[in-house]
Each structure stands twice: as structure tokens, then as C-alpha cells.
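Analysis of the macromolecular model
Residue-level listing of the chains:
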Amino acid sequence: MKNKLIPLSIFLVFIVIFIIFYKGLQNTNIYTPGTKTSFEVPSVSVKLFNSNEIVNTLEIFSSDKFYLLNIWSSWCVPCRQEHSILMELTKNDNLRVIGINYKDTKKNANNFLKELGNPYDNIIFDNKGTNAIEWGAYGVPESFLINNNKIIKKYIGPLNERSMEEIKSFIK
Amino acid sequence: MLFSVIGNYSLVLGLFFGLVLFYYSAKNFRNSEVLDTKILSFTFLQFFLVVISFLCLVLSFVVSDFSNETVFNNSHTTKPIFYKIAGTWGNHEGSLLLWLLVLTLFILIFLIRTKNQPVKYRVLTLVFQQIIIIGFFIFLIKTSNPFNHIYPIPTEGLGLNPILQDPALAIHPPILYLGYVGSSIIFSSVLAATTLNLVSKKWASHIKKWVLGSWIFLTLGILLGSIWAYYELGWGGFWFWDPVENVSLMPWLALTTLLHCILVLEKKLILTSWVIILSISTFALSMSGTFLVRSGILNSVHTFANDPERGLFILIFLFSLIFLSLFIFFFFHKTSKDNSSSFFWLSKETAIIMNNWFMMYFLSVVLIGTIYPIFLDVLSSQKISVGPPFYHTLIIPFLIPFLLIMAIGPKLKWIKSNLEDKIYLFTILVISILLSITIVKNFSSNFLINTILISSALYLFFITLRDFFSKGFKNLAQNTAHFGFSLLILSILFNSLFSSEIITNLKVGQTFENSKAKIVFESLSQKEGENYKSIIGNFIVQDSNGKMENLSPELRIYNQPNITTSEADIKTTLLSDKFIVINLVQNQEFFNVRYQVKPFMLWIWISVILISFGGLISFVKKEYEK
């Protein structure tokens, strides 16, 4: 009896694997970041820049306001250039600007903010650059306009006057 | 047009001869002392027909015959002739035809090279191999025929994906396939030998050549893919634990374990169950690799087309083969002769078995990491991706005993050994530990684990190095491969410890500077290639020692299909690589610049070549020394 049990269970395991692969075949879908116009805010735990608290991203983007998520770094030259636009946008009451500090050190980042001002309501500290990947980011700078946990629009590269006007028209 | 017709009918005829071979094999199996000459001629004929079919496809590509759907989808008149030929197997249909070509070639070689083996065994191996071959014929003709017509005939093709237009990638598939398909012969042969109860020392020494051959090709195939990813994909790494890389690593791990089991079996009639199961799993893993990347269940550069019908066919075919082999294993294999109690704890075979278990562990880690996301997606529709941290945490700690056993194992004798005259083993261990402490001491993070890892790799390094001098040509094959492996681990460790990276966005004329390097973006220039235009960024990089270097990474814009690729510029020296790659930041004059210094890159490639060279030495050696 015992001798038959082993082969039988192995056969059974393979049958289960077969069924799962078979099911898997039916829901193949290809993930291409470009074609997905609105996808949801990824739910991941992140570290906050100021308090070192670990929180879930969904908590940060919880209210029904508009959010602008901006990936930046002190060593990134174009980030300097777009900073004035962020400072301008943060004045708007309907919009909260959230930063992801990408592959940076706290000291350099703080100096950067001291020099140019701090537009961010909250900053996620991503010194390893792993959180930015969750958002499907290509590099720095990059910004995402978010409403109701959905990404409405993605800006690759530094924001400029035109993208600022566009964001303003969205949040009216 | 003509080529497509010839190619198509050759395929159908090849399938027909497969069935004919079944009939003759069955006849020959029942009553014959000698192998029917008809079998040999039909096998040759089948191979010849596949060669014709393959040549027809190559010629269709060369003359850009766009009435052929495969050529239309994957070629373009402006493509250089080299890539027109390589494009033959740079797509799903053509690569399957190549697979079939190697399958039929290998069974022919097998039949020619096994004249002194029992006839029943040869015939039965042929039958199992024909099951695989016929399966592939049907798959090819039914779901992925490379000779489909299109009417009206288009004047221009769609072109080959530019990232595949690369010399390393042109030879990567054929080499890898030689390894994969070699494992099919091992599979058929082990099934035949199990059925006839022939798994013996004699069988082991005959199948060893096939195991070695496939192992060498598989190793080189993986190496080529890795080199390609390093300079073409622009990530500056050589291994990403991507599912597609994993599916080539899994058969490699199984095959490496099998190789060591065969070496034991050749000396002593033990481990027969290991050998049978490993032979089956090597081939099953190669096939599942095909299933995973071709069915669209996983996404990668290897996913040529997503057609659930193809996936379903391979899935059913794969599992029929697995069930067939499981049935044969449980029904015919007698385990009575193996006796695990006959092991002495301190002997070469014990060391090999211990490391086999480690290899199986590594294999299971990679297997779980690869298929767990699929299972989770099906069972709970949750999407996750398993990244390097998972593999590193689970694999790295166990590399330490693995390396130590790899160093000490070959020093032990077969059957029974003792530790007299082995003081040098201890001395070298002390030297390795001291040396690695001096290397790691400047790095505060993970001091302990890094020291232990580097010392165990150094230990293997020194022990194998000592053997080159003290033993000369004795055990040269094993020693070279193990030396290569220690060098590989050392290079990877140093590479990850001492690499540095700068990512920044620059305009022409701007300069980036930090304590490690100064990067000046000098100018932009343009160049016209045969089927692409390129923008070249000219950079001057000055490292902390003040040494200047000109680097010019490229952005290529291919005409057909219209895709931009970035070509890294890499300056390779003996000790380190300087790697720079640029990317467009959308609609901006900024370029995303990524500069990396990667020490010991060259040695990673060299050590893998050494590993396969060790296999080659063993392959060409006439007689395994006693």
C-alpha cells in the first residue's frame, strides 16, 4: 500500500500543476505600461522622509483630492528646473504634491529643499529606487497626476509651463 | 514561393517517415539480432528532409520572399544579409524548425555512435525520440507552420526586432538548442534503459558523452544570452533572475547534478534513481521553458507571439511525456540494488550526494520563484513579481557549504577515505579567511556574511589552483571546471561589492561631478547605419585618479520596425568595465545618462568559458582515468 501511495501522490501533484498551467493559459494578459491610461495606485509600504514612519501608499492618497506625485532627487539637474513649477502648483488648494525622493541621501535632499523651497505635503524616502519601480517610472524626474486612487496622467521628464496649465485645467 | 512549397512538403514527408520509423522499430524490436538497415536510412532521410525544409526557410529569408508569412513578419529588404540569415531562427516558427533540425540530427548521430550497444536499447531509444520528434512535427505543421502564404504578396516586410539584431544573439539560439535538445537524447535513452533494466556502469559511460555535450552547449548558450543582455539591454547587469533566464538555469542545474551522478554511477552501481529522475527532469525542464516563454504565460523578449493554442499544445505534449516517463520509472525501475547504507561518510560519493542535494535546493528555489507568480495569479488573481532579493536571500547562505564541499570532495577517495596528509586543506582555509578579511574590512555592511562567502570561494580557488601545479594533467577536466566556478563566484561577489553607479539627466555641454567621477557631455553627433540612424553622445569621463576616458554611447533609431534602442558604450579592461548608456527623456533636450563602473566583468565571462572548457576536456578525453 505504502509503495503505491508515493507514485499516486506524485501523479496527483503533476495533475494539479497541469490544471493550474491550463487555467493560467486562459487569462494571459500582457502588461505594457504605455497602453494603460489609468491604473490604480500600487499598494506598497513606504518610508516617510521626515518621520521615518512606515505607511501604506493608499493611506497617503486616501482623500478624494487631486495628488501630484513627483519623483525627484537632489542630484537630478532637470528636477531643479521644474522645481519652480511644483512651488507654483502646490499653492493650489485642490492639489497636494507628494514627492518620492529617489536614490538620494537625506542630507543632500534637505539642502536641496532648503535652497529651492519645499513644495511637498509629504515625501516618500526611496533611497534604493525600488518604490519608483512600483509606479512604473522610467527615471527622474517624472510626475503622476492622481485622483480617487487612479493615475490620470503621467509626465515623463521635467514639468514645464504647458504641463502646469494642463494640470490646472484637470483640477478645476 | 517555390521554396515555401518545397519546405512545406518536406515537413509533411518528414512526419510521414516518423510514422514509418515507428512501424519498423516495432518490427525490429520483436525479432532481430541486428539493427534493420532500413531504420538507419529512414532516420537519415527524415533528417535530410528537415535540412531541406530549413534551407528553404533560410533561402526565403535571404531573397526576402514576402509571400511567406514568417519572412513577412520578421524581415525587411534593408536588413543586412547576416541578420536575414540569423532572422530565420529569430522568430517562433523558425526557431521551432531549428529545434526539429537538431532533434533529427541528434538521433541520427546517436544511432551511428552506438553500434556496440544492445539492439533493443537502440531501437527503443529511437522510438522514444520519435515520439518527441513527431510531437514537434505536428506542433510545427498545425500551429506554427513557417511556410504559410500571404496573398496579395506584400512589397515590404515588417522587420526583425532591433534588439535581436546582434551577433551574440544570432548564435545564442542554435547553441542553446544544442544543449536543450541534447537532453532529449538523454531522456529517450534513460527511458529505454530503464524499461530494459540496462541502467549500469557501462550505460553510464556511454551516456556520459551526451550529458557532457549538452552541458557544454547549455553553459555556452546561457553565457551568450547573458553577454547580450549586458550590453544590449542597457541595465548594466548580467543576470536579472528574469523568468526567461531562470528557465534556462533550471535545466542547467539539473544537468550539472546529473553529470555528477553519472560520474558516480560509472564507478559504482548506486544513485540509479537519481540518474533516471534527473534525466527526465532535465528534459522536462527544457520543455517547460519552451512552454513558459512561448505560450505567453510569461512576458519577455522571448515571447514571440501569443497564441493560446500553441501554449495548450505544448502543455498537453509536455505533460504526456512527463506522465509517460513517471509511469516507466515507477513500473520498471527496481530500486533493490541501491543500498544507501553502503555509503561511508567520508568518501567522494558522499560529498557528491551532499552537493547534489544543495543543487536540488537551488533548483527548487529558482523553480518556485519562477512559477509561484503564475500560481498565485491563477488561484487568487494577485500579481506579484519575484525579484533578486528573494533569490539572493535563499541561495547565498547555502553557497558557503556548497563551495567548501566542492573544494574538499575531489580530495577524497571513492568508497572510503581518511583525512591523513590533509593538513594543507586546513592551512589553505586559514589563508583564505585572512585574505578575505583584508579585502572586506573597508566595507562596513554585511561584514560577516561577505567575509565567509569570499573565504569559501577563495578556498575553492586556492585548492583547485594548487592542484594545477601538484597534480598536473590528472583530473584536469574536473579541476578546470571547479576552478572556473570559484572564479565565477569571486568575480560576481567582487562585482556586486565594488560596483558604483551614477544616474543623471544631462544636456549637451553640461557636466556632472561627484567624489567618484566627473562626466562631461561634450557633444552629439549623427551616423547612418544600413537600416538605422544613430545619435551618438560623446562623453569624457574622469575617474577619481584623474584618468580620462572617451565614451560614446549610441541611440539607434531603426527604420523597420520603428524602434529606438540604446547601445551602451563599454570600455573593458582586465580589472573593470566602464559602462555608459544614454536614453531619451521624452520631448526634452535632456538625456538620461547612466554611468557604471563594474569591476571583474571580464572575469565573469572568462570563468564561464573555463567551466565549459573543463567539460570539453572531459568530452575529448578517450578514457576516464582510474
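In this report, the structure presented in the accompanying data block is examined. (Residues numbered from 1 in each chain as written. Chains lettered and ligands numbered in written order. Predicted model: local features only at pLDDT ≥ 70, side-chain atom pairs only at ≥ 80, totals over all residues. Heavy atoms only, no water.)

**A closer look at the overall build of chain A**
In terms of regular secondary structure, chain A is built from 6 helices and 7 strands. Starting at the N terminus, the α and β elements of chain A follow one another as α-β-β-α-β-α-β-α-β-α-β-β-α. Counting every position in chain A, which comprises 172 residues, the buried fraction comes to 44%. Long-range contacts, defined here as pairs at least 24 residues apart, represent 68% of the contacts in chain A between residues at least 6 apart. Summing over all exposed atoms, chain A offers an accessible surface of approximately 9,300 Å²; the carbon and sulfur share of this is 54%. (Helix = DSSP H or I, 4+ residues; strand = E, 2+ residues; numbered from the N terminus. Buried < 20%, exposed > 50% of the residue type's maximum accessible area, 1.4 Å probe, protein only. Contact = heavy atoms within 4.5 Å. Areas by Shrake-Rupley, 256 points an atom, 1.4 Å probe, with all protein chains shown as cover.)

**As for helix α10 (residues 272-294) of chain B**
Between its first and last C-alpha atoms α10 of chain B spans 33 Å; for 23 residues at 1.5 Å apiece the expected length is 33 Å, and the two agree. Extensive coverage of α10 of chain B is indicated by the burial of 21 of its 23 residues. (Expected span 1.5 Å × (residues − 1).)

**Describing the environment of G159 of chain B**
In this structure, G159 of chain B sits in the loop between α6 (119-143) and α7 (167-195). On a C-alpha basis, the gap between G159 of chain B and I449 of chain B in space is 49 Å, while along the polypeptide they are 290 residues apart.

**Remarks on the sheet that holds strand β1 (residues 500-506) of chain B**
Sheets are built from strands that pair by backbone hydrogen bonding, the pairs being arranged parallel or antiparallel. Residues and elements named next belong to chain B. An order of β1-β10-β9-β8 is seen for the 4 strands of this open sheet, with the pairing classed as antiparallel. Edge strands, defined here as strands with exactly one partner in the open sheet, are β1 and β8 (569-572). When strand polarity is set aside, the average angle formed by the axes of neighbouring strands in this sheet is 10 degrees. For β1 and strand β10 (residues 591-599), the ladder comprises 7 bridges, and the chain directions are antiparallel. Across the sheet, the residue bridging to T504 is V593, located in β10. Relative to the sheet, helix α16 (residues 476-498) contacts β1 and β10, its axis offset from that of β10 by approximately 135 degrees. (Pairing = 2+ DSSP bridges. Axes fitted to C-alpha atoms, helices over the stretch in contact; angles between N-to-C directions.)

**Brief notes about the pattern of salt bridges**
In this structure the tally under the stated criterion is 16 salt bridges over all chains. The salt bridge partner of R594 of chain B is E501 of chain B, with a shortest N-O separation of 3.0 Å. Separated by 93 residues along the polypeptide, R594 of chain B in strand β10 and E501 of chain B in strand β1 bring together distant segments of the chain. Here E567 of chain B ties to R556 of chain B by a salt bridge, and the two come within 3.8 Å at their closest N and O atoms. Placement of the pair is E567 of chain B in strand β7 (residues 564-567) and R556 of chain B in strand β6 (residues 554-558), with a sequence separation of 11 residues. In terms of burial, E567 of chain B and R556 of chain B fall into one category: buried. The network of salt bridges with common partners includes E88, K91 and K168 of chain A. (Salt bridge = Lys/Arg side-chain N within 4 Å of Asp/Glu carboxyl O.)

**Considering the interface of chain B and chain A**
The partner chain A presents 28 residues to the 36 residues of chain B that form the contact. Summing both sides of the interface, chain B and chain A together bury roughly 2,800 Å²; the carbon and sulfur share of this comes to 76%. On the chain B side of the contact with chain A, F319, F330 and V378 of chain B bury the most area, a combined 17% of that side's loss. Connecting chain B to chain A are 1 salt bridge. K103 of chain A is the salt-bridge partner of E501 of chain B, the closest N and O atoms lying 3.4 Å from each other. At the surface where chain B touches chain A, the tally comes to 1 residue pair in polar contact (both at pLDDT 80 or more). (Buried area = accessible area lost by both parts, 1.4 Å probe. Polar contact = N/O pair within 3.5 Å; in protein donor to acceptor, adjacent residues only side chain to side chain.)

**A look at helix α9 (residues 243-267) of chain B**
Relative to the 36 Å expected for 25 residues at 1.5 Å per residue, α9 of chain B spans 37 Å between its end C-alpha atoms, a close match to the ideal helical length. The buried fraction of α9 of chain B is high, at 22 of 25 residues.

Everything listed is a geometric property; what it means functionally is a separate question.
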